[in-house]
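Examination of the molecular architecture
In case you want the letters, here they are:
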Amino acid sequence: MTALSAIIRRDIRIALRVGGGALIGVLFFLTVVVLMPFAVGPDLALLSRLGPAILWLGALLASLLTLDRLFMADHEDGSLDLITMSRTPLELACAAKALAHWLAAGLPLIVATPVLGLLLNLDMVATGAVALTLLAGTPALTFTGMIGAALAVTLHRGGLLMAVLVLPLSIPVLIFGVAASQAVIVGPMTFGAPFSILCALSLVSLVVGPFAAAASLRHGLD
């Protein structure tokens, strides 16, 4: 547990440094949401209908933007070899790194959602629903994206490959996240059903992601 907490603290400190990636994700999320009203136009009703989808797309792309550094920096400075050869199971180390990434890059997106919802003409109830779905769904984006980051870490131009691998895996999370948010705004679907599926997707990714990422790293580093 001491080793895992050290990995989490180290990765959070690195992510929060200038150029570490966490701030870039938040700024990208802010840029997407701020530019969208200019592209859609002054139709407030249309903005409120599209608001959950815009927030979810921004969060998905912002998360994908920072995932390429999840293992790449450790691979470049040799830390990944030390983590692989340590006594700590590689699956737990991968889970710790993904948790640190979510705390540094995913959680700020959720915190920023209530403010950005005002730009999309969302009321407090709708904004709270979007923030709740992001809280439940962004761990799935991180832990499934970790698989693509592990596969791409030893490959040339791995960032492009990671995007190709991660985006199809993220589509179910995007569908049910937007569906749950839209249920609060326009209905007729109830909020509980898509939200429960969204939580299930996150739980499955929490279990499958570390094992798949660890297997990919062992194969790539051999």
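Scroll up to find the structure this text is about.
This text gives an overview of the structure that appears in the document. Remember, it's a predicted structure, so these values are computed and weren't measured experimentally.

Right, let's talk about the pattern of salt bridges for a bit. Taken as a whole, this structure holds three salt bridges when the rule is applied. With its nearest N and O atoms 2.7 Å apart, the salt bridge here joins Lys97 to Asp11. Taken together, the residues Lys97 in helix α6 (residues 90-119) and Asp11 in helix α1 (residues 2-16) connect sequence positions 86 residues apart. This pair shows no difference in class: Lys97 is buried, exactly as Asp11 is. In this structure, Arg218 and Glu91 form a salt bridge, with 3.0 Å as the shortest nitrogen-oxygen distance. With Arg218 in helix α9 (residues 192-221) and Glu91 in helix α6, this residue pair connects regions lying 127 residues apart in the sequence. The partly exposed category is assigned to Arg218, whose relative accessible area is 35%.

Over its 29 residues, helix α7 (residues 124-152) runs 40 Å from end to end, which matches the ideal 42 Å to within 8%, given 1.5 Å per residue. Within α7, the axis deviates most sharply at Ala136, by approximately 35 degrees, and proline Pro139 lies no more than four positions further along. Along α7, 23 of the 29 residues are buried, which leaves the element largely enclosed by surrounding structure.

As a further point, take a nonpolar patch on the surface. Among the surface-exposed residues, Leu203, Val204, Leu206, Val207, Val208 and Phe211 lie close enough to one another that they form a single nonpolar patch of about 570 Å² accessible area. Here Leu203 shows up in helix α9. For Leu203, a relative accessible area of 56% translates into the label exposed.

Conventions adopted
Residues numbered from 1 in each chain as written. Predicted model: local features only at pLDDT ≥ 70, side-chain atom pairs only at ≥ 80, totals over all residues. Heavy atoms only, no water. Salt bridge = Lys/Arg side-chain N within 4 Å of Asp/Glu carboxyl O. Helix = DSSP H or I, 4+ residues; strand = E, 2+ residues; numbered from the N terminus. Buried < 20%, exposed > 50% of the residue type's maximum accessible area, 1.4 Å probe, protein only. Expected span 1.5 Å × (residues − 1). Bend = angle between axes of the 7 residues up to and from the residue. Patch = residues over 30% accessible without salt bridge, like charges linked within 9 Å, V, L, I, M, F, W, Y side chains within 5 Å. Areas by Shrake-Rupley, 256 points an atom, 1.4 Å probe, with all protein chains shown as cover.

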